[in-house]
Amino acid sequence: MNSINWLAVLAAGISAFVLGGVWYSPSLFGKAWMTDNNLTMEQIKKGNFAKIYGWALVLSLIAAANLAMFLADNCAQKTDVSWGAIAGFLAGIWVFCFVAIHGLFEHKPARLIFINGGYSVVALILMGAIIGLWR
């Protein structure tokens with residue numbers, strides 16, 4: 001725990017949260033995501049935004065801390081921005097596989113699986129690069 005840069009974890013967690021805002025915006029994948037989930041803007045607006053965004057931020061921070069612990073404990077000598085990004089990619093593939101499994105059993109379209117799984121991969125690459133950069 002002493003070898004973890006908690007400011008890097010904070011920045012990494014916030015980066016995934018911000019990426020989610022961009023990723024799921026109407027200008028990127030938001031419209032397709034809404035269509036594939038059979039959601040309308042009216043339904044989205046009825047959501048509890050404090051709960052949704054609050055938990056999204058908390059979970060992003062937990063994911064960043066978890067990745068930092070893996071990088072600190074297993075790869076302390078070689079963790080840099082490159083290895084952080086690679087470790088994030090590998091973790092992202094792991095998460096993508098489970099997103100895909102859930103999506104398949106839920107009969108979700110492939111596009112939705114790639115939107116959600118792709119976000120996980122890109123977010124973890126970004127988090128790993130930030131954690132590695134601030135090592």
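Note: the structure precedes this text.
Here's a quick rundown of the structure. (Residues numbered from 1 in each chain as written. Predicted model: local features only at pLDDT ≥ 70, side-chain atom pairs only at ≥ 80, totals over all residues. Heavy atoms only, no water.)

**Re unusual backbone geometry**
Step number 1: Phi at Asn 38 takes a positive value of approximately 55 degrees, unusual for a residue other than glycine.
Step number 2: Backbone geometry places His 107, a non-glycine residue, at a positive phi of 60 degrees.
Step number 3: Residue placement: His 107 occurs in the loop between helix H5 (81-105) and helix H6 (110-133).
Step number 4: On the accessibility criterion, His 107 (72% relative accessible area) is exposed. (Helix = DSSP H or I, 4+ residues; strand = E, 2+ residues; numbered from the N terminus. Buried < 20%, exposed > 50% of the residue type's maximum accessible area, 1.4 Å probe, protein only.)

**Topic: the side chain of Ser 25**
Step number 1: In this structure, Ser 25 sits in the loop between helix H1 (6-23) and helix H2 (30-36).
Step number 2: For Ser 25, the side chain forms a polar contact with the main-chain oxygen of Val 22, separated by 2.7 Å.
Step number 3: Once you skip the residues sitting within four places of it in the chain, Ser 25 turns out to touch Gly 30 and Lys 31. (Polar contact = N/O pair within 3.5 Å; in protein donor to acceptor, adjacent residues only side chain to side chain. Contact = heavy atoms within 4.5 Å.)

**Here we look at the pattern of salt bridges**
Step number 1: With the rule as written, the count across this model stands at one salt bridge.
Step number 2: Between Arg 111 and Asp 36 there is a salt bridge; the shortest N-O distance is 2.8 Å. Separated by 75 residues along the polypeptide, Arg 111 in helix H6 and Asp 36 in helix H2 bring together distant segments of the chain.
Step number 3: Given the relative accessible area of 43%, Arg 111 is considered partly exposed. (Salt bridge = Lys/Arg side-chain N within 4 Å of Asp/Glu carboxyl O.)

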